[in-house]
Each structure stands twice: as C-alpha cells, then as structure tokens.
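Here's the letter readout for the chains.
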Amino acid sequence: MVHGLEPTEEYDGSIVVHLLDDTAGREKIRCGSYEEAIAVVKENYRSVTVAKIVDRDGNVVFTSSDMNIDDWETEWEHAKRRLSVDVEEYDCPYDNVACFADDHCIQCQIDAVKEAY
C-alpha cells in the first residue's frame, strides 16, 4: 500500500481528438474508437486551426495540417483490413502506397485489363 502517493497520470484507454484553434484555444474530445475520432475530426477540422488524433499510447497518428482526413481514413481502413486477414504481399510497380494485393491501384487495374486481352 502506498501512503500519500497518488498516480500522476491516468490511462483510460481512449483515443483523443485535440482541436487546436488560434483564437478559441484547445479542446480535447475522448473517443471510444477510431471511427468516432474520425467523425469528430470530419465535423470540426474546417473550423479549427489543427485537428489531431492521438492513439491510446499517446502517439499522434493524424494531423490535419499534414494530411487529409479522408485519405488518412482510407489508409487506416486498409491497415485495419491487413491486420484482420492474411493477404499476400504485393509490391506495386508504380510505388503507390495505397495499392494492395486485394485492392490494386488504378494503374495496376489498367495493367490487369490490358493483360487480359
């Protein structure tokens, strides 16, 4: 038993959206899932200077000043899908980061159609 010492930090396991505004200040919104965090960012990112998503470990995984929320959401969905199933590794000849073995980029889809004829 610890006498008189309280923890300095709390961990609730939630994902946090930080809304930073030059005039209004900061706002923290705790979310139970990435889907909820993405929805919060989509609702607010145009009305604030920067919107950030911070994961359960305290790492910033999204910043609106560096990337588009729709593009990040697509990449997040692909990463989630890759974790949930085993898919063969695929190296896109066009170095497209959004090209996967089960979901080819436009250039690879065009190449596949060309090869079929």
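Residues numbered from 1 in each chain as written. Predicted model: local features only at pLDDT ≥ 70, side-chain atom pairs only at ≥ 80, totals over all residues. Heavy atoms only, no water.

Caption draft 1: Structural detail: the overall build of the chain. Across its full length, the chain carries 3 helices and 4 strands. Each helix and strand of the chain, ordered N terminal to C terminal, gives the series β-β-α-β-β-α-α. Per-residue burial for the chain yields a buried fraction of 28% across its 117 residues. Across the chain, the fraction of contacts at a sequence separation of at least 24, relative to all contacts at a separation of at least 6, is 34%. When the accessible area of the chain is evaluated, it comes to approximately 8,700 Å², of which 48% is carbon and sulfur surface. (Helix = DSSP H or I, 4+ residues; strand = E, 2+ residues; numbered from the N terminus. Buried < 20%, exposed > 50% of the residue type's maximum accessible area, 1.4 Å probe, protein only. Contact = heavy atoms within 4.5 Å. Areas by Shrake-Rupley, 256 points an atom, 1.4 Å probe, with all protein chains shown as cover.)

Caption draft 2: Region of interest: the nonpolar core. Residues V17, V41, I53, I69 and W72 are the most contacted members of the largest nonpolar core, which totals 16 residues. At the level of secondary structure, the elements contributing two or more residues to this core comprise β1 (15–21), α1 (34–44), β3 (50–54) and α2 (69–84). Top element by residues in this core is α1. It accounts for 5 residues. Beyond its immediate sequence surroundings of up to four residues, V41 is in contact with V17, A51, I53, F62 and I69. (Core = buried A, V, L, I, M, F, W, Y, C linked by side-chain atoms within 4.5 Å.)

Caption draft 3: Expanded view of the environment of G25. For G25, the position within the fold is in strand β2 (residues 25–31). For G25 and T49, which are 24 residues apart along the polypeptide, the C-alpha to C-alpha distance reads 9.7 Å. Apart from residues no more than four positions distant in its own chain, G25 is found in contact with L19 and L20.

Caption draft 4: How the structure looks around the packing of aromatic side chains. Using the criterion set out here, one finds 3 aromatic pairs in the structure. Here the aromatic rings of Y34 and W76 are separated by 5.6 Å at their centres, their planes lie at 45 degrees, and the arrangement is tilted. Here W76 lies in helix α2 and Y34 lies in helix α1, a separation of 42 residues in the sequence. Taking the centre distance of 5.8 Å and the plane angle of 55 degrees together, the rings of F62 and W72 count as tilted. Placement of the pair is F62 in strand β4 (residues 60–63) and W72 in helix α2, with a sequence separation of 10 residues. In this structure W72 comes out as buried when scored by relative accessible area, which is 12%. (Phe/Tyr/Trp six-rings, centres within 6.5 Å; stacked < 30°, edge-to-face > 60°.)

Caption draft 5: Seen up close, the sheet that holds β1. With respect to topology, 4 strands assemble into an open sheet ordered β2-β1-β3-β4, the strand pairing being antiparallel. The sheet is open, and its two edges are formed by β2 and β4, each paired on a single side. Across this sheet, the average inter-strand angle for adjacent strands is 20 degrees, counted without regard to direction. Sheet topology places β3 next to β4; 3 bridges connect them, and they run antiparallel. Looking across to β4, one finds that V54 is bridged to V60. Across the sheet, α1 lies against β1, β2, β3 and β4, angled at about 15 degrees from β1, the strand it touches most. (Pairing = 2+ DSSP bridges. Axes fitted to C-alpha atoms, helices over the stretch in contact; angles between N-to-C directions.)

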